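Residue-level structure breakdown
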Amino acid sequence: MIAEVYVDIPARAVDKPFDYKVPDSLEQFIRPGMRVTVPFGRVKRLGFVTALKNHTDFTKLRNIDQVIDHIPVLTDELLDLGRWIADTTLCMTITAYQAMLPAVMKADYGKVIQLENTEKLKDVHPDLVPFYSSGDSIKWEDAVRSHPEKLNEINRALSDGTLSLHQQIHNQARVKKIITVTPAVSLETLEEAAKSLNRRYKRQREVLDFFIHHPAASHVLADLVNRYGLSREAISHFIKKGVLRKEKQEYFRDPYRELNQVRTQALTLTQEQHAALKPILHAIESDEDRVFLCHGVTGSGKTEIYLQAIQRVIDLGKEAIVLVPEISLTPQMVHRFKGRFGDLVAVMHSGLSRGEKYDEWRKIREGRVKVAVGARSAVFAPFSRLGLIIIDEEHESSYKQEDSPRYHARDVAIYRSRYNRCPVVLGSATPSLESYARAKKNVYSLLLLKERFNHHPLPPVKIVDMREEMRDGNRSMFSTALFNLIKDRIKKKEQTVLFLNRRGYSTFVMCRSCGEVLRCPHCDISLTYHRTEQLLKCHYCGYAQQIPQTCPACGSDSMRYFGTGTQKVEAELNRLIPEARIIRMDVDTTRQKGGHERLLRRFGEGKADILLGTQMIAKGLDFPEVTLVGVLAADSMLYLPDFRASERTFQLLTQVSGRAGRHDLPGSVIIQSYDPDHYAVVDAASHDYETFYQQEMQIRYRHGYPPFYYLVLIRITHTDPGQASVAAGRIAEILKRNLSSSAQIFGPVVPAIARIKDRYRYQCMVKYKKEPELLPVLRKIIGHFQEPGKNSLQLVVDINPVVFM
């Protein structure tokens, strides 16, 4: 038997299957989708078996070394999906396969130094004898880290054969096991043992009494000691006596084990909800791979439609995937789904530990759950009978992976739906223009929800012209209207959400004497002042420095802070309204595990009056007491060098406005803007998606942007700006020579941020409608220009990009 194996080396030269012989001992066991270790050159590497066959064109084959998995980690469907991702995103196949698995399942490669000749070690290299007192091998990294002064001696011992160097592959994925204790004898024997026990042995009596009252159950040893207060020594005594039995059992780490989840029932649907659910159910029951765009205003009850559609999928014995855009949405979403489906739900997002992610993945792979809820990578959930895929807030840019493989979760979902013959539901109050255009052309089926589920009106929105506020002498970051409403809500014991899409205290620090702006030494971007840590930070590479007392350029003491971030807003609120209880939610306050959930729970329990945050508070949150939403700088994203800037502004304003007045209390929204007449701001204030869509589509048509054209962005970076420039020019020439005249090639140009992490950046862009030669040409360019090594030329080809800066 021959196995085709993709070897875990992300290099173009080896991006193909290699034939290996399957040893007789593994023939009955090995299957496509399993991970194996194989000899490759002089070392051993991890690989994925993608096919088995009986013939090969090669006369001499090497054997597979060992099999890592007891069941395939990649199903036949995922093996096919990986090849499709590699073809369409121009990544390597092994990279696509690795992206489908939890990070903990990536191989850990290490080297060990083994002792070959004990006598020679004592005679020739006596200084190394202490290393081998406890065994015959040591880890190379331990030797390098702990005893760098011995490296020359180790190298000499390697050269003369006293020692040898070997590579090891460790599977990082570990199944957690726990110790459980159960009675090893009958209830009668336990009772007799308790009667015969000396009265002085109180702790032993407590153990026997516990198991007399719980004779059938097995209990976790740690729980017996910590939760029930039993003596570990007394338990060990009865285990030795054979009265109790100790066993190791497999244990699934559950991040939501302590969640006090109340089970919920299906709600009565409105007429609109029922009309939207009906065609979805029909597609589920008749195995149709249709794509639905559920366009519903904020608070229209899209989640209830998802829940009832999933219930039908489960009733049919199938499984469902639900994607949410980012970690901040997950806590409330998890409560909704766990409340309806209990332990049938697995959760996959970046806030979990590596072990928790692995166990949630295992629950899916082993068929223990029916629903996977998670962020972008949950689209790869290894279900075997997929019946529905839902993408909530489908317009979100976080569904596009920015590293290789550069897939879009929506495209993967649609590909999987065709393979499994099941529907995809895209949900949003502000669909992406591409999705809405497809729905208008009947490529997708459009489902409309124009009213909130409780028939409450959408909150009235007032746009405040901050230029007028300045003219009236108000130099505060809060308009008079917003400030008065915040104080009014605190008096009424209602809650406020304040949105500002900038973290930190000040967006830049400048010398008022010479105009010098403090910039990151590794990126062409200004440093942001973070008041809590008293540091200037780069939000691109993470560089941080102390705040200089004087200007580094002219020596004056005129350094001043400009711009406003969430930290500054918090400080200003504390000064102006000291009685206000404020929760700030941004990347800085939610770094710790469970940070989002902890802060949102406090706000939901009424322990704060104001929730102040960045983009992470704009979507998905549903709190009954929130009656005021304030947007502090509506135009902060409006003039970024990105053709989607207006669309993103409209989406954010609409989404954050939808947090107000979702329940019985009426809500209101204040949008502060220095450009109050911009159509994105005006249409968001009037909750008018259709008008915005028509205006934006005209602009896109005039300038030739999606959805009228497809785009490819080619980014070239190098530590030497000259080399980056030359390579970019040559790539543009190759594109012009090899693509048809209908394709438009732009660049090379320097992007808005010319340098990141000491690498200089150039980019070219291709606009096209139909270009059959595009992918072959791009593959040749990647093969020719991409160089291995940290300081060499790096090339990124992003098909249908979402980030241009």
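Just above, that's the structure.
Notes on the structure in this doc start here. (Residues numbered from 1 in each chain as written. Predicted model: local features only at pLDDT ≥ 70, side-chain atom pairs only at ≥ 80, totals over all residues. Heavy atoms only, no water.)

**Brief notes about the overall build of the protein chain**
Let me state the cut-off plainly: Strands are runs of DSSP state E lasting at least two residues, helices are runs of H or I lasting at least four, and both sets are numbered from the N terminus onward. Only C-alpha atoms enter the radius of gyration; for comparison, a globular chain is expected to reach 2.2 Å times N to the power 0.38, where N is the number of residues. Buried, partly exposed and exposed residues are distinguished by accessible area as a fraction of the type maximum, computed with a 1.4 Å probe on protein chains only: under 20%, between the cut-offs, and over 50%, respectively. Accessible surface area values rest on a Shrake-Rupley calculation with a 1.4 Å probe, where residue burial reflects the displayed protein chains alone.
Helix and strand content of the protein chain: 24 helices and 34 strands. Here the C-alpha radius of gyration of the protein chain, 31 Å, is about what a compact globule of 805 residues would show, namely 28 Å. Principal-axis analysis of the C-alpha atoms gives the protein chain an extent of 85 × 75 × 70 Å. By the burial criterion, 52% of the 805 residues in the protein chain qualify as buried. Of the accessible surface of the protein chain, which amounts to about 37,600 Å², a share of 49% is contributed by carbon and sulfur atoms.

**Thoughts on the nonpolar core**
As a reminder of what qualifies: Residues belong to one nonpolar core when they are buried, are Ala, Val, Leu, Ile, Met, Phe, Trp, Tyr or Cys, and are joined through side-chain atoms within 4.5 Å. The contact criterion used throughout is that any non-hydrogen atoms of two residues lie within 4.5 Å.
Among the nonpolar cores identified, the biggest contains 88 residues, and Leu74 and Leu611 are the most heavily contacted of them. When near neighbours in sequence (up to four residues on either side) are disregarded, Leu74 contacts Pro32, Gly33, Phe48, Leu79, Tyr97, Met100 and Leu101. Core analysis: the next-biggest nonpolar cluster, separate from the first, contains 31 residues, Ile305, Ile314, Val347 and Val373 among them.

**Notes on helix H20 (residues 645–657)**
Helical geometry note: an α-helix holds 3.6 residues per turn, so side chains three or four residues apart project in the same direction. Our working rule: By this rule, a helix spans an expected 1.5 Å times one less than how many residues it contains.
For H20, which comprises 13 residues, the first-to-last C-alpha distance of 18 Å matches the rise-based estimate of 18 Å (1.5 Å per residue) to within 8%. Most of H20 sits out of view: 13 of its 13 residues are buried.

**Things to note about the sheet that holds strand S12 (residues 291–296)**
We count it as follows: Here a strand pair is declared whenever DSSP counts at least two bridges between the two strands. With axes taken as lines fitted to C-alpha atoms, and helix axes fitted only over the stretch in contact, angles between N-to-C directions fall between 0 and 180 degrees.
What the 7 strands build is an open sheet, ordered S14-S15-S13-S16-S17-S12-S18; its pairing is parallel. Strands at the two margins of the open sheet, each flanked by one partner only, are strand S14 (345–348) and strand S18 (445–449). The average undirected angle you get between the axes of adjacent strands in this sheet is 15°. As judged from the 4 bridges shared by strand S16 (residues 386–392) and strand S17 (residues 424–428), these two strands associate in the parallel manner. Within the sheet, the bridge partner assigned to Asp392 lies in S17 and is Gly427. Each of S12, S16, S17 and S18 touches helix H10 (residues 271–285); the most contacted strand, S18, lies at about 150° to it. Taken strand by strand, helix H15 (residues 433–440) contacts S12, S17 and S18, and its axis lies near 110° from that of S12.

**Some remarks on the packing of H10 against helix H11 (residues 302–315)**
Here is the rule: Geometric relationships in this document are graded by angle, where less than 35 degrees denotes roughly parallel, more than 145 denotes roughly antiparallel, 65 to 115 denotes roughly perpendicular, and other angles denote oblique. Note on convention: near helix rotated counterclockwise from far helix by under a right angle means a left-handed crossing. Clockwise means right-handed. Note on residue categories: nonpolar means Ala, Val, Leu, Ile, Met, Phe, Trp, Tyr, Cys or Pro, charged means Asp, Glu, Lys or Arg, and polar means any other residue, Gly included.
In the contact formed by H10 and H11, the axes pass within 10 Å of each other and the chain directions differ by 25°. Between H10 and H11, the angle falls in the class roughly parallel. Between H10 and H11 the crossing geometry is right-handed. Contacts between H10 and H11 involve Gln273, Ala276, Leu277, Ile280, Leu281, Ile284 and Glu285 from the former and Glu304, Ile305, Gln308, Ala309, Arg312 and Val313 from the latter. Taken together, the residues of the contact of H10 with H11 break down into 8 nonpolar, 2 polar and 3 charged.

**Considerations on the sheet that holds strand S10 (residues 219–220)**
Spatially, S10-S9-S11 is the arrangement adopted by the 3 strands of the open sheet, whose pairing is antiparallel. Two strands bound the open sheet, and with one partner strand each, they are S10 and strand S11 (244–250). Relative to S10, strand S9 (residues 177–183) runs antiparallel, the two being bridged by 2 bridges. Counterpart to Val181 in the pairing with S10 is His219. Sitting on the sheet, helix H7 (residues 202–213) touches S9, S10 and S11, and the angle it makes with S9 is about 85°.

**So, H11**
Over its 14 residues, H11 extends 20 Å from the first C-alpha to the last, a length consistent with the 20 Å expected when each residue adds 1.5 Å. For H11, the buried fraction is high: 11 of the 14 residues fall into the buried class. Three or more residues of H11 are buried, namely Lys302, Thr303, Glu304, Ile305, Tyr306, Leu307, Gln308, Ala309, Ile310, Val313 and Ile314. Looking one or two residues past H11, Gly317 carries a phi angle of roughly 80°, positive in sign.

**Focus on the pattern of salt bridges**
Selection rule: Salt-bridge detection follows one rule: a side-chain nitrogen of Lys or Arg within 4 Å of a carboxyl oxygen of Asp or Glu.
One pass over the structure, following the stated rule, counts 33 salt bridges. Note that Glu572 is salt-bridged to Arg575, the shortest N-O span being 2.8 Å. Taken as a pair, Glu572 and Arg575 lie in helix H18 (residues 566–576) at a separation of 3 residues, close to a single helical turn. Classification of Arg575 as exposed rests on a relative accessible area of 56%. Here Glu605 and Lys607 are joined by a salt bridge, their closest N and O atoms 3.1 Å apart. Taking the relative accessible area as the measure of exposure, Glu605 reaches 46% and is therefore partly exposed. The partly exposed category is assigned to Lys607, whose relative accessible area is 47%. When salt bridges that share partners are traced, they join Asp359, Arg362, Glu366 and Arg368 into one network.

**Here's the deal with unusual backbone geometry**
Peptide bonds are trans in most cases, and residues, glycine excluded, mostly fall at negative phi. Look at the link from Ser404 to Pro405: it is a cis peptide, with omega at 0°. Relative to the elements of secondary structure, Pro405 occurs in the loop between S16 and helix H14 (409–420). Here the residue pair Gly747 and Pro748 is connected by a cis peptide bond, since its omega of 10° sits within 30 degrees of zero. One can find Pro748 in strand S31 (residues 744–749). Of note, the phi angle at His687 is positive, near 55°, even though the residue is not glycine. Here His687 lies in the loop between helix H21 (679–685) and helix H22 (689–703). Even without being glycine, Lys757 reaches a positive phi, approximately 55°. Along the polypeptide, Lys757 turns up in the loop between strand S32 (755–756) and strand S33 (759–768). In this structure Lys757 comes out as exposed when scored by relative accessible area, which is 52%.

**Side note on the environment of Ala217**
Relative to the helices and strands, Ala217 resides in the loop between H7 and S10. The partly exposed category is assigned to Ala217, whose relative accessible area is 32%. C-alpha separation for the pair Ala217 and Thr182, spaced 35 residues apart in sequence, amounts to 6.6 Å. Among all residues touching Ala217, those that are not within four sequence positions of it are Val181, Thr182 and Pro183.

**Quick word on the state of the cysteines**
In plain terms, the rule: Counting rule for disulfides: a pair of cysteine sulfur atoms within 2.5 Å.
Within this structure, the stated rule accounts for 0 disulfides. Left without a disulfide partner, Cys523 is nearest to the cysteine sulfur of Cys541, which lies 3.8 Å away. Judged by relative accessible area, which is 0%, Cys523 ranks as buried. You can see Cys538 has no disulfide; the closest cysteine sulfur is in Cys520, sitting 3.8 Å from it.

**Overview of the environment of Val777**
Checked against the element boundaries, Val777 lands in helix H24 (residues 774–785). Given the relative accessible area of 7%, Val777 is considered buried. Among all residues touching Val777, those that are not within four sequence positions of it are Ile734, Leu735, Asn738 and Leu739.

**Description of the pairing of S14**
We apply this condition: Handedness of a crossover: with both strands directed away from the viewer, a clockwise path from the first strand across the helix to the second marks it as right-handed.
Going residue by residue along S14, you find Val345 and Val347 tucked away on one face and Ala346 and Met348 tucked away on the opposite face as well. In the sheet, S14 pairs with strand S15 (residues 371–374) via 4 bridges, with the strands oriented parallel. Residue pairing for S15: Val347 is matched across the bridge by Val373. In terms of handedness, the path from S14 via helix H13 (residues 354–365) over to S15 forms a crossover that is right-handed.

**Description of the side chain of Thr182**
Secondary-structure assignment places Thr182 in strand S9. Discounting chain neighbours no more than four positions away, the residues touching Thr182 are Phe211, Ala217, Ser218, Leu244 and Arg245.

By themselves, these observations are geometric and do not establish any function.
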